[in-house]
Amino acid sequence: MDISTLCIHGADNNTHNTGAVSVPIYQSATFAHLDVGKSTGYDYSRLQNPTREYLEKVMANLEQGTDALAFSTGMAAITALMELFSIGDHIIASGDLYGGTVRLFEHISRKNGLKFDYINTSDLDAVRGLIHPDTKAIYIESPTNPMMQVTDITAVCEIAKTFGLLVIVDNTFLTPYYQQPLVLGADIVVHSGTKYLSGHNDTLAGFLVTKNEDLSERLRFIYKTTGACLSPFDSWLLIRGIKTLAVRMDRQQENAVKLANWLTTQKKVNKVFYIGLPDHPDYAVSTKQASGFGSMISFEVDSETTAIQLLERLQLVLFAESLGGVETLITYPMLQTHADVPMEERLERGINDCLLRLSVGLENADDLIADFEQALN
Ligand SMILES: *Cc1c(COP(=O)(O)O)cnc(C)c1O
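All of these numbers come straight from a predicted model, not from anything done at the bench.

Q: I'd love a proper account of helix 8 (residues 213–226), names of residues and values included.
A: With 14 residues, helix 8 extends 20 Å between its outermost C-alpha atoms, agreeing within 8% with the 20 Å of an ideal straight helix rising 1.5 Å per residue. The set of residues buried in helix 8 consists of Leu215, Ser216, Leu219, Ile222 and Tyr223. Projection of helix 8 onto a plane perpendicular to its axis shows the buried side chains occupying an angular sector of 130°, all on one side. Exposed side of helix 8, more than 90 degrees from the buried face: Glu213, Glu217 and Phe221 are the residues found there. Regarding helix 8, its N-cap is asparagine 212, as a side-chain oxygen of that residue lies 2.8 Å from the backbone nitrogen of aspartate 214 further along.

Q: With reference to specific residues and values, describe the packing of aromatic side chains.
A: For any pair of aromatic rings, the description rests on two quantities: the centre-to-centre distance and the angle between the ring planes. Throughout the structure, instances matching the rule amount to 10 aromatic pairs. Seen in terms of ring centroids, phenylalanine 233 and tryptophan 236 are 6.0 Å apart; in terms of plane orientation they differ by 20°. Their pairing is stacked. With a gap of three residues between them, phenylalanine 233 and tryptophan 236 both fall in helix 9 (residues 232–243), about one helical turn apart. An aromatic cluster of at least three residues, connected via ring pairs, comprises Phe105, Phe116, Tyr118 and Tyr139.

Q: Describe the domain arrangement of the protein, and please don't skip the residues or the numbers.
A: Here the protein is partitioned into domain 1 (3–243) and domain 2 (247–376). In this structure, domain 1 and domain 2 have C-alpha centres spaced 26 Å apart. Buried surface at the junction of domain 1 and domain 2, both sides included, amounts to about 3100 Å², of which 54% is carbon and sulfur. When the buried area of domain 1 at its contact with domain 2 is split by residue, Met148, Tyr178 and Tyr196 rank highest and sum to 26% of it. Taken together, domain 1 and domain 2 are joined by two salt bridges. A salt bridge links arginine 349 to aspartate 96, with the nearest nitrogen and oxygen atoms 2.8 Å apart. Taken together, domain 1 and domain 2 are joined by 22 residue pairs in polar contact (both at pLDDT 80 or more). Listed by contribution, the elements that provide at least two residues to the side of domain 1 that touches domain 2 are helix 4 (99–109), helix 6 (153–163), helix 7 (175–178) and helix 9.

Q: Got a sec to walk through the side chain of threonine 331? Specific residues and values, please.
A: As for its position among the elements, threonine 331 is in strand 11 (residues 329–331). Beyond its immediate sequence surroundings of up to four residues, threonine 331 is in contact with Ala320, Glu321, Ser322, Gln336, Leu356 and Arg357.

Q: An account of the pairing of strand 3 (residues 115–119) is needed here, citing residue identities and associated values.
A: Looking at chain direction, strand 2 (residues 90–94) and strand 3 are connected through five bridges and run parallel. Bridged to serine 94 within strand 3 is isoleucine 119. At this point the chain moves from strand 2, through helix 4, to the parallel strand 3, and the crossover so formed is right-handed.

Q: Break down the packing of helix 12 (residues 304–313) against helix 14 (residues 365–376) for me, citing the residues and quoting the values.
A: Taken N-terminus to C-terminus, the directions of helix 12 and helix 14 make an angle of 125°; their axes are 8 Å apart at the nearest point. Taken as axis vectors, helix 12 and helix 14 run oblique relative to one another. When the axes of helix 12 and helix 14 are compared, the crossing they make is right-handed. Contacts between helix 12 and helix 14 involve Thr306, Gln309, Leu310 and Arg313 from the former and Phe372, Gln374, Ala375 and Leu376 from the latter.

Q: An account of the site of the ligand is needed here, citing residue identities and associated values.
A: Of all residues adjacent to the ligand, which total 13 residues, the nearest are Met75, Asp170, Ser192, Thr194 and Lys195. Between the ligand and aspartate 170 there is a distance of 2.7 Å, counted from a nitrogen atom to a side-chain nitrogen or oxygen. In this structure, serine 192 approaches the ligand through a side-chain N or O atom, which is 2.8 Å from an oxygen atom. The protein chains hide 93% of the 390 Å² of surface that the ligand would expose on its own.

Q: Can you tell me about the environment of glutamate 300, naming the residues and giving the values?
A: The topology assignment puts glutamate 300 in strand 9 (residues 296–301). Each C-alpha atom of the pair glutamate 300 and lysine 271 lies 5.1 Å from the other, and the pair is 29 residues apart in sequence. Sequence-distant contacts of glutamate 300, that is, excluding residues within four places in its chain, are made with Lys268, Val269, Asn270, Lys271, Phe273, Asn352, Cys354 and Leu355.

Q: Give a detailed account of the pattern of salt bridges, specifying residues and quantitative values.
A: Pairs can form between side chains of opposite charge whenever their charged atoms are close. By the definition in use, this model includes 11 salt bridges. A salt bridge links arginine 220 to glutamate 56; its shortest N-O distance comes to 3.1 Å. Taken as a pair, arginine 220 in helix 8 and glutamate 56 in helix 2 (residues 50–62) lie far apart in primary sequence, 164 residues in all. Look at glutamate 56 and you get buried, because its relative accessible area is 8%. A salt bridge links aspartate 89 to lysine 136; its shortest N-O distance comes to 3.0 Å. Here aspartate 89, found in the loop between helix 3 (74–82) and strand 2, pairs with lysine 136, found in strand 4 (residues 135–141); they are 47 residues apart in sequence, far enough to count as distant. Salt bridges linked by common partners bring Arg52, Glu56, Asp67 and Arg220 together as one network.

Calculation criteria
Residues numbered from 1 in each chain as written. Predicted model: local features only at pLDDT ≥ 70, side-chain atom pairs only at ≥ 80, totals over all residues. Heavy atoms only, no water. Helix = DSSP H or I, 4+ residues; strand = E, 2+ residues; numbered from the N terminus. Expected span 1.5 Å × (residues − 1). Buried < 20%, exposed > 50% of the residue type's maximum accessible area, 1.4 Å probe, protein only. Arc of directions from axis to C-beta. Polar contact = N/O pair within 3.5 Å; in protein donor to acceptor, adjacent residues only side chain to side chain. Phe/Tyr/Trp six-rings, centres within 6.5 Å; stacked < 30°, edge-to-face > 60°. Domains from an automatic or database assignment. Buried area = accessible area lost by both parts, 1.4 Å probe. Salt bridge = Lys/Arg side-chain N within 4 Å of Asp/Glu carboxyl O. Contact = heavy atoms within 4.5 Å. Pairing = 2+ DSSP bridges. Right-handed = clockwise from strand over helix to strand, strands pointing away. Axes fitted to C-alpha atoms, helices over the stretch in contact; angles between N-to-C directions. Parallel < 35°, antiparallel > 145°, perpendicular 65-115°, else oblique. Left-handed = near helix turned anticlockwise from the far one by under 90°. Near = heavy atom within 4 Å. Areas by Shrake-Rupley, 256 points an atom, 1.4 Å probe, with all protein chains shown as cover.

Structure (structure tokens):
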């Protein structure tokens with residue numbers, strides 16, 4: 001079955017017998033037992049809830065995994081994930097990670113005894129060089145945020161396998177519609193469901209997906225114990241959002257290609273980072289492992305003044321954090337998403353006063369270009 005069909009009919013809707021086409025919202029904290037020792041399969045909503053369970057089955061199927069866990073936010077999912085590790089464990093991570101993930105690793109996981117090294121995970125020799133006996137996992141974002149570096153996931157998985165390491169991939173930017181890391185050999189997929197999966201800038205969610213039974217069991221234990229599960233209503237919003245994932249992703253990508261090409265023609269724009277441009281250094285890897293490029297663009301303008309002017313003058317395009325929704329959003333990574341990354345490191349990574357990040361939405365592409373034209377020139 002094609003993934004666009006799976007988005008709509010991704011799991012058996014067998015939680016009721018009313019014929020309701022939309023999965024009901026089971027707004028119940030607890031479930032009565034039929035008899036002593038006889039459960040309906042549902043006991044308490046932190047452990048399992050029929051609405052959330054349906055969503056989890058859809059997500060597992062979309063990623064070609066065997067189990068998916070729905071969390072209240074992406075950060076809650078990554079926080080639970082870190083509970084797989086113990087004092088002294090070492091994790092190699094992409095150097096250009098989502099700012100909140102770096103904050104978690106550096107200010108919370110490190111305090112709990114985990115050790116991290118950050119490198120460009122597209123440099124396979126560098127990855128190999130950092131592996132030592134305490135190394136337990138490689139944590140990848142591909143493409144990265146905001147510099148749009150792409151890692152050859154299959155190649156990293158091959159290295160990881162020879163050393164017995166877990167490969168974890170944050171697949172928020174491309175979603176299973178364009179990229180399926182478990183199929184490429186990864187062990188765990190992470191999502192901020194807040195972004196493309198939900199798709200409407202109206203709810204927060206997170207996921208962990210795996211195809212390994214042992215990992216699934218360990219994650220389920222952490223999940224029910226730490227409790228950052230997604231509410232029934234938000235689960236329903238995610239189910240609804242995912243139904244249109246395929247059309248949204250394709251149309252947003254179409255808009256992104258138009259906008260990226262237009263940006264490259266602008267005098268005040270020095271660089272455009274979009275993995276769908278054939279001159280992107282990782283274009284070949286992208287086309288090998290993903291079926292699309294997504295709709296995230298970063299670009300560098302000629303001065304801080306131009307950057308501020310753009311943010312002040314854009315009207316249709318909203319100056320707001322987050323990404324992946326139907327509304328086009330622009331962010332200033334220096335001040336927003338990456339404000340907690342030390343200045344020196346930010347500059348080293350290319351996150352400077354002139355860098356802006358764009359999440360292209362579903363508006364008409366010509367209207368978006370007109371908005372940029374009036375704001376820029
Ligand atoms: C937003 C985001 C997160 C965090 O997710 P929340 O839902 O905001 O907690 C993690 N990774 C990436 C790549 C993100 O864009």
